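Okay, here's what each chain looks like letter by letter:
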Amino acid sequence: MHQSENWADRLPAGFEGLKTRLSQAAQTRPAGFYHLFINGQLLGRLHGELGEIVRQQSTAWTNQWNAQRCELHWNLPLDTLVSALTDLGRWLADQGWVPNWRGETQTLFDQNGVAIGELERALFKVFGLRSQAVHLHVETGEGLIWVGVRADSKKEHPGLLDNLCAGGVSSGETPQHAAWRELYEEAGLDSTHLRGTCLTPLGGVEVSRAQGNGWHLEQCHLYFATMREGVHPHNQDGEVCGFQLMTPMACAQAVNQNRFTPDAGLCCALAMRRAHAV
């Protein structure tokens, strides 16, 4: 499911503001991005200016350029694909196109879900490649919703509301493992703090949109959990500056007012569709 799709009939009542934003996004196709084909598969998108730079820099590769259809085709041997992308990414970082090189990797998949290799996390948005993330929607036994407040030091969406825990799936992790890791890092919680000691998978949603000079394409895995009575979250990694406990109605209002990050707002609405009649 794409964030740019029309969700008017798929979200619960009470999310009119979110429905309007998503309906408008479905009718708007951002200009200035080139479709990036690698070995015949559409794997990413490149900002127009960056596409021109990359096209000139990667002369050693086999390139096909279709300006009318805004397509850039790269043909690279599979055993050198990741290293070639990494080398190009480092060169782009030196030119200021990669503002937050993290030294962390995520798995790059092809269109069929087959792992290609491990690539620097910061390059996924630069090349518009599909990454994976987890979002945890956590409630109390009374149906109140725990949300996190992103630290002002965050590079993206500082100060906005977020799901209690959310983050990227690192290389070598399953989404379930990443969910448990994020639960501890961002909220200081483990299975003993949850009713049933489990996380319930609620499916996934694929989000796709322009973000600055990059393209955000991510498969979000959504999980639901109920916190035990008397338990409170405590951040461990400095990426969350506080927590709020909200009623479903207040949470829906905050989503409509765009006070959540785009991905967290959509994931919150999808989780509440199952848990509540908002």
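In this text the structure is predicted, and so the values were computed from the model without any measurement. (Residues numbered from 1 in each chain as written. Predicted model: local features only at pLDDT ≥ 70, side-chain atom pairs only at ≥ 80, totals over all residues. Heavy atoms only, no water.)

*Asks:* Help me understand the state of the cysteines in this model?
*Replies:* Two cysteines joined by a covalent bond between their sulfur atoms form a disulfide. Taken as a whole and assessed by the stated rule, the structure comprises zero disulfides. Free of any disulfide, cysteine 267 has its nearest cysteine sulfur in cysteine 220, 4.7 Å distant. Owing to a relative accessible area of 1%, cysteine 267 belongs among the buried residues under this scheme. (Disulfide = S-S within 2.5 Å. Buried < 20%, exposed > 50% of the residue type's maximum accessible area, 1.4 Å probe, protein only.)

*Asks:* Please clarify how the nonpolar core should be interpreted in this entry.
*Replies:* Generally speaking, nonpolar side chains in soluble globular proteins are found buried as a group. Ranked by internal contacts, the top residues of the largest apolar core, which has 26 residues, are Cys251 and Phe260. Contributing elements (two or more residues each) for this core: helix H1 (16-26), strand S8 (145-150), strand S11 (200-211), strand S12 (214-226), helix H6 (248-256) and helix H7 (262-275). For this core, the leading source of residues is H7, giving eight residues. In this structure, Ile38, Leu92, Trp97 and Leu108 belong to the second largest nonpolar core, which totals 25 residues. (Core = buried A, V, L, I, M, F, W, Y, C linked by side-chain atoms within 4.5 Å. Helix = DSSP H or I, 4+ residues; strand = E, 2+ residues; numbered from the N terminus.)

*Asks:* Mind showing me how you'd approach the pairing of strand S4 (residues 71-75) here?
*Replies:* Each regular strand shows side chains that alternate between the opposite faces of the sheet. Summarising burial for S4: four of the five residues are buried, a large majority. Here four bridges tie strand S1 (residues 33-38) to S4, and the two strands are oriented parallel to one another. Bridged to isoleucine 38 within S4 is tryptophan 74. (Pairing = 2+ DSSP bridges.)

*Asks:* I would appreciate a short explanation of the side chain of arginine 150 in the present structure.
*Replies:* Structurally, the position occupied by arginine 150 is in strand S8. Looking at arginine 150, the relative accessible area reads 13%, which means it is buried. A distance of 2.6 Å separates a polar side-chain atom of arginine 150 from the backbone oxygen of glutamate 156. For arginine 150, the residues in contact, after removing those within four places along its chain, are Glu156, His157, Pro158, Gly159, Leu160, Asp162, Glu239, Cys241 and Thr261. (Polar contact = N/O pair within 3.5 Å; in protein donor to acceptor, adjacent residues only side chain to side chain. Contact = heavy atoms within 4.5 Å.)

*Asks:* Explain the packing of aromatic side chains to me, please; I cannot follow it from the model alone.
*Replies:* The description of an aromatic ring pair uses the distance of the two centres, along with the angle that the planes make with each other. Using the criterion set out here, one finds two aromatic pairs in the structure. In this arrangement the basic side chain of arginine 45 is found over the ring face of tryptophan 215, its NZ or CZ atom lying 4.1 Å from the centre. (Phe/Tyr/Trp six-rings, centres within 6.5 Å; stacked < 30°, edge-to-face > 60°. Lys NZ or Arg CZ within 6 Å of the ring centre and 35° of its normal.)

*Asks:* Can you walk me through the environment of glycine 230 in this structure?
*Replies:* Checked against the element boundaries, glycine 230 lands in the loop between S12 and strand S13 (240-246). On the basis of relative accessible area, glycine 230 is assigned to the exposed category, the value being 65%. Placed 37 residues apart in sequence, glycine 230 and histidine 193 show a C-alpha to C-alpha distance of 9.3 Å.

*Asks:* Is there a simple way to think about unusual backbone geometry in this case?
*Replies:* Glycine aside, negative phi is the norm for most residues, and most peptide bonds take the trans geometry. Despite not being glycine, asparagine 39 shows a phi value in the positive range, around 55°. Along the chain, asparagine 39 turns up in the loop between S1 and strand S2 (41-47).

*Asks:* It is not clear to me how the packing of helix H2 (residues 48-57) against helix H3 (residues 78-94) should be interpreted in this structure. Could you clarify?
*Replies:* Helix-helix packing is described using two parameters, namely the angle between the two axes and the distance between the axes. Across the interface, H2 lies against H3 with an axial gap of 12 Å and an inter-helix angle of 125°. Between H2 and H3, the angle falls in the class oblique. At the point where H2 passes H3, the crossing takes the right-handed sense. Of the residues in H3, those in contact with Leu50, Ile53, Val54 and Gln57 of H2 are Leu88, Trp91 and Leu92. For the contact of H2 with H3, the class distribution of residues is six nonpolar, one polar and no charged. (Axes fitted to C-alpha atoms, helices over the stretch in contact; angles between N-to-C directions. Parallel < 35°, antiparallel > 145°, perpendicular 65-115°, else oblique. Left-handed = near helix turned anticlockwise from the far one by under 90°. Nonpolar A, V, L, I, M, F, W, Y, C, P; charged D, E, K, R; others polar.)

*Asks:* Help me understand the pattern of salt bridges in this model?
*Replies:* Oppositely charged side chains may form a pair once their charged atoms are brought near each other. Considering all chains together, one arrives at ten salt bridges under this definition. When the shortest N-O distance is used, the salt bridge between glutamate 104 and arginine 121 registers 3.3 Å. Here the residue glutamate 104 occupies a position in the loop between H3 and strand S5 (105-109), and arginine 121 occupies one in the loop between strand S6 (115-120) and helix H4 (123-127), the gap between them amounting to 17 residues. Note on arginine 121: relative accessible area 24%, which makes it partly exposed. Ionic contacts of the salt-bridge type, sharing partners, join the residues Glu173, Arg181, Glu182 and Glu185 into one network. (Salt bridge = Lys/Arg side-chain N within 4 Å of Asp/Glu carboxyl O.)

*Asks:* Teacher, can you tell me more about H3 here?
*Replies:* Three or four residues apart is the spacing at which side chains of an α-helix point the same way, because the helix has 3.6 residues per turn. Counted at 1.5 Å a residue, the expected span for H3 with its 17 residues is 24 Å, and the 25 Å between its end C-alpha atoms agrees. Listed as buried for H3 are Leu81, Val82, Ala84, Leu85, Thr86, Leu88, Gly89 and Leu92. The inward-facing, buried residues of H3 abut S1, H2, S4, S5, S6 and H4. At the exit of H3 stands glycine 96, carrying a positive phi of roughly 90°. (Expected span 1.5 Å × (residues − 1).)

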